[in-house]
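# Breakdown of the fold
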Amino acid sequence: MSGASYLISDLISGVLELSRGRLPAEARCGAESLRVTSFAPLAEAEGENLAFLSNAKALREAAVTRAGAIVIREQELSAIPELAGRPVVVTPNPYAWFAWASQIMEGGILPDPVPGVDPRAVVEEGASVDPTARIEAGAVVEAGAVVGAFAWIGKNAFVGHDAVIGSRVRMYAGVKVGDHCRIGDRTILNMGCAIGGEGFGFAPFQGEWVKIPQVGAVTVGCDCEIGANTTIDRGALDDTVIGDGTKIDDQVQIGHNCRIGSHCVLCGCVGIAGSTTVGDHCVLGGAAMVNGHISIPAGSVVGPATPVLSWGKERDTLVGFYPSQSERQFKRTAAMILKLGDMRRALKALEQEVKALKASGPSGS
Amino acid sequence: MSGASYLISDLISGVLELSRGRLPAEARCGAESLRVTSFAPLAEAEGENLAFLSNAKALREAAVTRAGAIVIREQELSAIPELAGRPVVVTPNPYAWFAWASQIMEGGILPDPVPGVDPRAVVEEGASVDPTARIEAGAVVEAGAVVGAFAWIGKNAFVGHDAVIGSRVRMYAGVKVGDHCRIGDRTILNMGCAIGGEGFGFAPFQGEWVKIPQVGAVTVGCDCEIGANTTIDRGALDDTVIGDGTKIDDQVQIGHNCRIGSHCVLCGCVGIAGSTTVGDHCVLGGAAMVNGHISIPAGSVVGPATPVLSWGKERDTLVGFYPSQSERQFKRTAAMILKLGDMRRALKALEQEVKALKASGPSGS
Amino acid sequence: MSGASYLISDLISGVLELSRGRLPAEARCGAESLRVTSFAPLAEAEGENLAFLSNAKALREAAVTRAGAIVIREQELSAIPELAGRPVVVTPNPYAWFAWASQIMEGGILPDPVPGVDPRAVVEEGASVDPTARIEAGAVVEAGAVVGAFAWIGKNAFVGHDAVIGSRVRMYAGVKVGDHCRIGDRTILNMGCAIGGEGFGFAPFQGEWVKIPQVGAVTVGCDCEIGANTTIDRGALDDTVIGDGTKIDDQVQIGHNCRIGSHCVLCGCVGIAGSTTVGDHCVLGGAAMVNGHISIPAGSVVGPATPVLSWGKERDTLVGFYPSQSERQFKRTAAMILKLGDMRRALKALEQEVKALKASGPSGS
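So, on to the overall build of chain A. What chain A contains, in helices and strands, is six helices and 40 strands. By the compact-globule yardstick of 21 Å for 365 residues, chain A is too spread out, its C-alpha radius of gyration being 28 Å. Seen through its principal axes, chain A has C-alpha atoms that stretch 95 × 70 × 35 Å. Counting the 365 residues in chain A, one finds 59% classified as buried. Partitioning the intrachain contacts of chain A with sequence separation of at least 6 by distance along the chain shows that 24% fall at a separation of at least 24.

The next point concerns the pairing of strand S22 (residues 202-205) of chain B. All names here are of chain B. Where S22 meets strand S23 (residues 208-211), four bridges bridge the pair, whose relative direction is antiparallel. The residue bridging Phe 202 from the neighbouring strand is Lys 211, located in S23. Here S22 folds back onto S23, and the loop between the two strands holds two residues, one of which, Gln 206, carries a positive phi near 50 degrees.

What follows is about the interface of chain C and chain A. Across the contact, 60 residues belong to chain C and 65 residues belong to chain A. Listing elements by their share of the side of chain C that touches chain A, those giving two or more residues are strand S21 (194-197), strand S22 (202-205), strand S23 (208-211), strand S26 (231-233), strand S38 (307-308), strand S39 (317-319), helix H5 (327-337) and helix H6 (340-360) of chain C. The element contributing the most residues to the side of chain C that touches chain A is H6(C), with eight residues. Here the residues of the side of chain C that touches chain A sort into 29 nonpolar, 23 polar and eight charged. Bridge count between strand S40 (residues 325-326) of chain A and S39(C): two bridges; the pairing is antiparallel. Note that in S39(C) the partner of A:Ser326 across the bridge is C:Leu318.

Attention now moves to the nonpolar core. Grouped together as the largest cluster of nonpolar side chains are 359 residues, with contacts concentrated most on A:Ile70, A:Val141, B:Ile70, B:Val141, C:Ile70 and C:Val141. What C:Ile70 contacts, discounting residues up to four positions off in sequence, is C:Ala51, C:Phe52, C:Leu53, C:Ala62, C:Thr65, C:Leu83, C:Arg86 and C:Val88.

Turning our attention to the interface of chain A and chain B. At the junction of the two partners, chain A supplies 61 residues and chain B supplies 64 residues. Those elements that provide at least two residues to the side of chain A that touches chain B are strand S21 (194-197), strand S22 (202-205), strand S23 (208-211), strand S26 (231-233), strand S38 (307-308), strand S39 (317-319), helix H5 (327-337) and helix H6 (340-360) of chain A. At eight residues, H6(A) tops the list of elements feeding residues into the side of chain A that touches chain B.

Taken N-terminus to C-terminus, the directions of helix H5 (residues 327-337) of chain B and H6(C) make an angle of 60 degrees; their axes are 9 Å apart at the nearest point. Viewed along their axes, H5(B) and H6(C) adopt a mutual orientation that is oblique. Here H5(B) contributes B:Arg332, B:Thr333 and B:Met336 to the contact with H6(C), which in turn contributes C:Leu340, C:Gly341 and C:Arg344. Residue composition of the contact of H5(B) with H6(C), by class: two nonpolar, two polar and two charged.

Here we have 12 strands laid out as an open sheet, ordered S8(B)-S11(B)-S14(B)-S17(B)-S20(B)-S25(B)-S28(B)-S31(B)-S34(B)-S37(B)-S39(B)-S40(C), and mixed in their pairing. Single-partner strands in this sheet number two, and they are strand S8 (116-117) of chain B together with strand S40 (325-326) of chain C. Note: strand S17 (residues 170-171) of chain B against strand S20 (residues 188-189) of chain B, two bridges, orientation parallel. Counterpart to B:Arg170 in the pairing with S20(B) is B:Ile188.

Before going further, it helps to examine the relation of the copies chain A and chain B. For the match of chain A to chain B, the screw axis carries a shift of 0.0 Å, the RMSD comes to 0.1 Å, and the turn is 120 degrees. What the rotation and shift describe, once combined, is the action of a three-fold rotation axis. For chain A, the minimum C-alpha distance to the rotation axis belongs to A:Tyr322 and amounts to 3.3 Å.

A few words now on the sheet that holds strand S28 (residues 247-248) of chain A. Pairing in this open sheet of 12 strands is mixed, and the strands run S8(A)-S11(A)-S14(A)-S17(A)-S20(A)-S25(A)-S28(A)-S31(A)-S34(A)-S37(A)-S39(A)-S40(B) from one edge to the other. The sheet is open, and its two edges are formed by strand S8 (116-117) of chain A together with strand S40 (325-326) of chain B, each paired on a single side.

What follows deals with the pairing of strand S6 (residues 69-72) of chain A. All names here are of chain A. Burial along S6 is two-sided: the residues Ala 69 and Val 71 and Ile 70 and Ile 72 are all buried. The pairing of strand S5 (residues 49-52) with S6 spans three bridges and is classified as parallel. Bridge assignment links Leu 50 to a residue of S6, and that residue is Ala 69. What joins S5 to S6 is helix H2 (residues 59-64), and the crossover it makes is right-handed. Here S6 pairs with strand S7 (residues 88-90) via three bridges, running parallel.

Okay, unusual backbone geometry next. With a phi close to 60 degrees, B:His293 is a non-glycine residue in the positive phi region. Structurally, the position occupied by B:His293 is in the loop between strand S35 (289-290) and strand S36 (295-296). C-beta crowding within 10 Å serves as the criterion here: with 13 such atoms nearby, B:His293 is assigned to the partly exposed category. You will see that C:His263, though not glycine, has its phi angle at about 55 degrees, which is positive. Locating C:His263 in the fold gives a position in the loop between strand S30 (259-260) and strand S31 (265-266). Looking at C:His263, the number of C-beta atoms within 10 Å reads 22, which means it is buried.

As a further point, take the environment of C:Glu82. By secondary structure assignment, the location of C:Glu82 is in the loop between helix H3 (74-78) and strand S7 (88-90). Separated by 20 residues in sequence, C:Glu82 and C:Ala62 have C-alpha atoms that sit 8.7 Å apart.

Okay, H5(C) next. Residue pairs spaced three or four apart in an α-helix point in one direction, given the helix's 3.6 residues per turn. Of all the residues in H5(C), the buried ones are C:Phe330, C:Thr333, C:Ala334 and C:Ile337. Down the axis of H5(C), the smallest arc covering the buried residues is 105 degrees, so these residues share one side. Exposed and oriented more than 90 degrees from the buried face of H5(C) are C:Arg328, C:Lys331 and C:Ala335. On its buried face, H5(C) sits against H5 and H6 of chain A, strand S39 (317-319) and H5 of chain B together with S40 and H6 of chain C.

Glancing now at the confidence of the model for chain A. Overall, the prediction assigns chain A a mean pLDDT of 95, with 98% of residues at 70 or greater. Both scores are given for the predicted complex: the pTM is 0.96, the ipTM 0.95.

Okay, the environment of B:Tyr172 next. Residue and element names in this part refer to chain B. Within the secondary structure, Tyr 172 sits in the loop between S17 and strand S18 (176-177). On the neighbour-count criterion, Tyr 172 (28 C-beta atoms within 10 Å) is buried. Between the alpha carbons of Tyr 172 and Met 191 there is a distance of 5.0 Å; along the sequence they are 19 residues apart. Excluding residues within four positions of it along the chain, Tyr 172 makes contact with Gly 154, Leu 189, Asn 190 and Met 191.

Rules used in this analysis
Residues numbered from 1 in each chain as written. Chains lettered and ligands numbered in written order. Predicted model: local features only at pLDDT ≥ 70, side-chain atom pairs only at ≥ 80, totals over all residues. Helix = DSSP H or I, 4+ residues; strand = E, 2+ residues; numbered from the N terminus. Rg over C-alpha atoms; globule rule 2.2 N^0.38 Å. Buried ≥ 20, exposed ≤ 12 C-beta atoms within 10 Å, placed from the backbone. Contact = placed C-beta atoms within 7 Å. Pairing = 2+ DSSP bridges. Nonpolar A, V, L, I, M, F, W, Y, C, P; charged D, E, K, R; others polar. Core = buried A, V, L, I, M, F, W, Y, C linked by C-beta atoms within 7 Å. Axes fitted to C-alpha atoms, helices over the stretch in contact; angles between N-to-C directions. Parallel < 35°, antiparallel > 145°, perpendicular 65-115°, else oblique. Least-squares fit on C-alpha atoms with pLDDT ≥ 70 in both. Right-handed = clockwise from strand over helix to strand, strands pointing away. Arc of directions from axis to C-beta. pLDDT = per-residue confidence, 0-100.

Below you can see the structure in the form of structure tokens.
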């Protein structure tokens, strides 16, 4: 945290600008002229802090917070009489407002880097680096690559031949972007992620595996985030594609020729096999495992640790992980799972017997 | 893609050579003198493209393709009257033929690199680098290491002390091969993979964990492929071993002292705990998780997202992931799983009651 | 292995020192003056080897071993008459004794590195590097960072701004420690791990995701081990914390704001979502997947491949993975899982019918 203080009215106009006019807020009861230093949780906030109420469960905490001002929706405000007369920032989406205001207080998500190519970096002849970009020590930019305005290529990072790094892209230490791959503007690539490894394609032949050349690349959209040590493989012929605004967590693996839509969220440890399409605005829970060659409609949700073998045409929420249990119960139920067929047969047999009994019984005689 | 064109007869002789005589093909109806530029899917191919039919489901597409020539098996060819008189390449394995022919059209999978040690690379005294090898900027080769003929050590890659890198090995940017590890000829190591991290071995002592030294190394065979950010740990005493021709996808973890056979396929996100043996020609689906200290026979198959605790002596296909469901159904069935024991008991009780009823019923009286 | 030989009495005093007096051992029957070169398994050991018996299952092997001396507990020794008069090392914890003695025989886990900053390393102005530390070629230490005594920063590793690397820390090739992160003394960071990637935090807004700044860091305790390509994300406001003595395997992902206790073991491919607390001395099996915002009590155990959604207040062992089966059985049982509700309903109906039958039957009439 920077330690500086911010006038709430400035934060309001700043968030309005960052949201391109979509998230207005109104300061009331003197909030506009207050200065705050940071956000803090409702229960811990003091006079110099902003707090925000993002869900109705915390009404009680909001009523007694000591925060300098509270960011809140109109409906929750009117439900908390204790807040009458207190400085508030009223906005339809306090959580998003908090996110953008925090960005302002932290000096921006993607500030201008100190420009220049470190003498211990390697920029090969034929590469094009914008004069406002920063290339740090140990980084390598291969021939034919293009690095855009205000892009920031971190220590020991790698930009392959003919790769295109958009403006204001942030590549952290040790990030690798392979030949011919393209990274859209303002995308953040976290430490150690590898964009453009070879796709995994082999033809079986007499018990061996013949490599199929992988000559596509990877295209990552604008305003994306790719997690640490995540891998996205290059396509066999066409590119693997990640849409604009999609956020991908750490340790995710995306196979060749996948097409991930825009504004998706892929949580940590997700794996997606090759040639699968994920529509816009999908959310995949942590460690979800998605089969290859399937199509997930826009707006779908996959639960955590859920294997997805196929998908219908309707958007849906698909969940499937074995419920965890105490070790003792686990052993019993796991054994039972394997006897489900027997149980089903016994049940059917019993149904027949009962039917026969009823037919021959007193009421039937 | 290169843009160049290729005489089909040259491709046929090239594939025969690459397959070491094992995959012949015959050009018919003028195919031998046709020139093609690339492969394309049956439905999209034009006159300058080759297309191939790899499974019987696409007979219809093959009948109407506009490809310059079709690579096909004898039996499918005779089943498609529309292809009579069309230029074809007849071979027993069109998919493998496509793979090798594509390799030719792309200039080879592992072409000779431009040789030499970049002045910004670090080759320590006592390392041995073949004059035909290429060591790129930022790469490090430690003392005692050996880099073979035509090997290609990419940007910022690392070769540890006394490691041996075989001929024509391709190490992409940021690959790490630890001390004493050995990589066989023509093996491809994708970006960021780490061969030879320390094995995970600790002795419990009074609630703490005492490290057991890991002094083995990793031996990777010839003609392997290791995926981006995959990790293979060094053995405790002996080496962890990967057999010839085995293909390993991204984000795979292989624990210390594992012995993976030859010509296996390990899909993305697979994890194998320590000291497990996997026989030759096994296929492990994505995110399969294999227990330590077990042995999987040659030729076995593990389904995706399948936990493998143990294995019998027979080769088999082992599958086990909880079926994914709509969120609503998931909640119901997950609860039911935990009541399987109750259900079983109720079923048994009912069986007894029905038996008693039958004994005392009209037909029994 | 070093090839040198060691006097058993020296090993006994060495282990006593490494264990800070907690693991004594007694040499009997001439063991104290024997020299040994290494450990070997009971079945393979020869006269120059030590062997150890760590569990009662191997009594038979111990009885016939040809090892020069056997490390054994008093109770097993008295149960094996064949060992009477043989040189033995009697200690309450043979496995831990083996671990420490092996450390001695291998020259120590964290020996003093050859000190100095390689001229091809980058140490930015304002960084502080202890004169006993070693910074290898291609490594980068940013301004404000502190590198402690005998720390060893490997090839192409990265230490961010104001990061603190404790004494005797070992960072292998390509390890990345982000800005402001702290690594405790004697911690080992394996190849390619990334400490301090940005946390994964976004506020939803009109179908898009607004980044929440991640301004916390990561604090890793003393005597930890972090596996190859493992990732630990920085906190949103506060730090993500890993306690002393905790051992984390490869390919593990730990989300922002997690607090992992001391002396835990996290096996390979574990994933923990954000803001989860794991108490001291917990063990998480390979590929266990833990939900965010939950708390796991000290001493708990999670089985392999187990998804953990929530946890009660008691320490427990939680297990849950779908049992793997032959492909044929899998298809049947997976279908059955989805019919559990139907089965339960049929069972209930049957119970009613049997009840009615009993009421109206011979014994009831």
